[in-house]
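The residues making up each chain are set out below.
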Amino acid sequence: MSKRTWLITGVSSGFGYEMIKLLLDEGEKVIGTVRNKDKISGLIEQYPDTFICELLDVTDVPAIRKLVDSSFEKFGRIDVIVSNAGYGLFGAAEELSDEQVDHIIATNLTGSIQFIRSALPHLRTQGGGRIIQLSTYGGQVAFPGNSMYHATKFGIEGFCESVAQEVAPFNIGVTLVEPGGARTEFRYGSAQVAKLMPEYDGNQHTVF
Ligand SMILES: NC(=O)c1ccc[n+]([C@@H]2O[C@H](COP(=O)([O-])OP(=O)(O)OC[C@H]3O[C@@H](n4cnc5c(N)ncnc54)[C@H](OP(=O)(O)O)[C@@H]3O)[C@@H](O)[C@H]2O)c1
């Protein structure tokens, strides 16, 4: 089977990191985005010809567009787009700060939407492709203490379900991935916590 090219956000740890390790081992080409290249210097050195590591904070919408446009320009064709970057925000709704609410929407929801929207015209022009969005089991059912995380994931699921129908005639497929809990940085290094929860311990949250 001919090798594919992938564009994946948030590959410094967790699902993103594990995904690109597998893909690179299989000889696939990967453009992976991080906020800090130090975290992934080993893979950059190991795969100089097939791994392009780019800096991207997905809350920066013009930067998303620039990165997506330049990646398609460089590679000619990108077969699979994976919107993976995201984090968890733990705490009761009334305990969260306005900044925490805005930031998780900008990352998990707007960041994912704009990443996918930026890729669509290119996928259409090249005659098709696949979009994979990391959602969660919590994109369909809700639990207390995670309201904003659920809001972003329920939101991205609605967006993807609509877009999937819009782009099916152009040979573009959309896949939502809904994992349960996995021991990534999600509940630890990456997690954001309401200021009123100083005793937070990632192990308290076992659902996702
Ligand atoms: N682990 C679970 O239990 C679980 C379950 C269901 C779904 N998920 C979903 O899986 C996806 C990946 O999470 P994970 O579990 O692999 O956690 P993770 O190990 O914390 O990885 C999250 C990745 O997203 C990146 N990221 C966070 N905010 C970003 C931003 N503003 N701009 C660019 N990159 C950003 C992180 O980069 P930095 O290293 O720079 O922070 C990291 O590379 C998320 O969408 C999450 O919602 C996770």
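In the block above lies the structure referred to throughout.
Conventions adopted
Residues numbered from 1 in each chain as written. Predicted model: local features only at pLDDT ≥ 70, side-chain atom pairs only at ≥ 80, totals over all residues. Heavy atoms only, no water. 1 Å grid on protein atoms, 1.4 Å probe; cavity = no way out; pocket = protein on both sides within 12 Å on 5 of 7 lines; lining within 4 Å. Points joined across faces, edges and corners; volume = space filled by probe spheres on them. Helix = DSSP H or I, 4+ residues; strand = E, 2+ residues; numbered from the N terminus. Nonpolar A, V, L, I, M, F, W, Y, C, P; charged D, E, K, R; others polar. Expected span 1.5 Å × (residues − 1). Buried < 20%, exposed > 50% of the residue type's maximum accessible area, 1.4 Å probe, protein only. Contact = heavy atoms within 4.5 Å. Polar contact = N/O pair within 3.5 Å; in protein donor to acceptor, adjacent residues only side chain to side chain.

**Q** Even after reading the chapter, I still don't get empty space enclosed by the protein, so can you show me in this structure?
**A** Using the criterion set out here, one finds one cavity of 30 Å³ or more in the structure. A volume near 30 Å³ is recorded for the largest cavity. As for the largest cavity, its lining consists of T9, V58, S83, A85, T107, G111, S112 and F115. It is helix α4 (residues 98-126) that provides the largest number of residues to the lining of the largest cavity, a total of four residues. Grouping the amino acids of the lining of the largest cavity by side-chain chemistry returns three nonpolar, five polar and no charged.

**Q** Could you clarify how one ought to interpret helix α1 (residues 14-25) in this entry?
**A** A turn of α-helix holds 3.6 residues, and therefore any two residues three or four places apart point the same way. When the terminal C-alpha atoms of α1 are compared, their 17 Å separation across 12 residues agrees well with the 16 Å that a helix rising 1.5 Å per residue should span. For α1, the set of buried residues is G14, G16, I20, L23 and L24. Check the buried side of α1 and you find it contacts β1 (5-8), β2 (29-34), α2 (41-46) and β3 (51-55). Positive backbone phi, approximately 85°, marks G27, located one or two places after α1.

**Q** Quick question: what am I supposed to make of the side chain of T184 here?
**A** Take T184: it is sitting in the loop between β7 (172-177) and β8 (192-193). From its side chain, T184 meets the backbone nitrogen of F186 in a polar contact 3.0 Å long.

**Q** For this particular structure, what's the right way to read the environment of I52?
**A** Tracing the chain through its elements places I52 in strand β3. Residue class for I52 comes out partly exposed when judged on its relative accessible area of 25%. Once the C-alpha coordinates of I52 and T152 are considered, the two residues, 100 residues apart in sequence, prove to be 29 Å apart. Contact partners of I52, with chain neighbours within four places excluded, come to V30, I31, G32 and F75.

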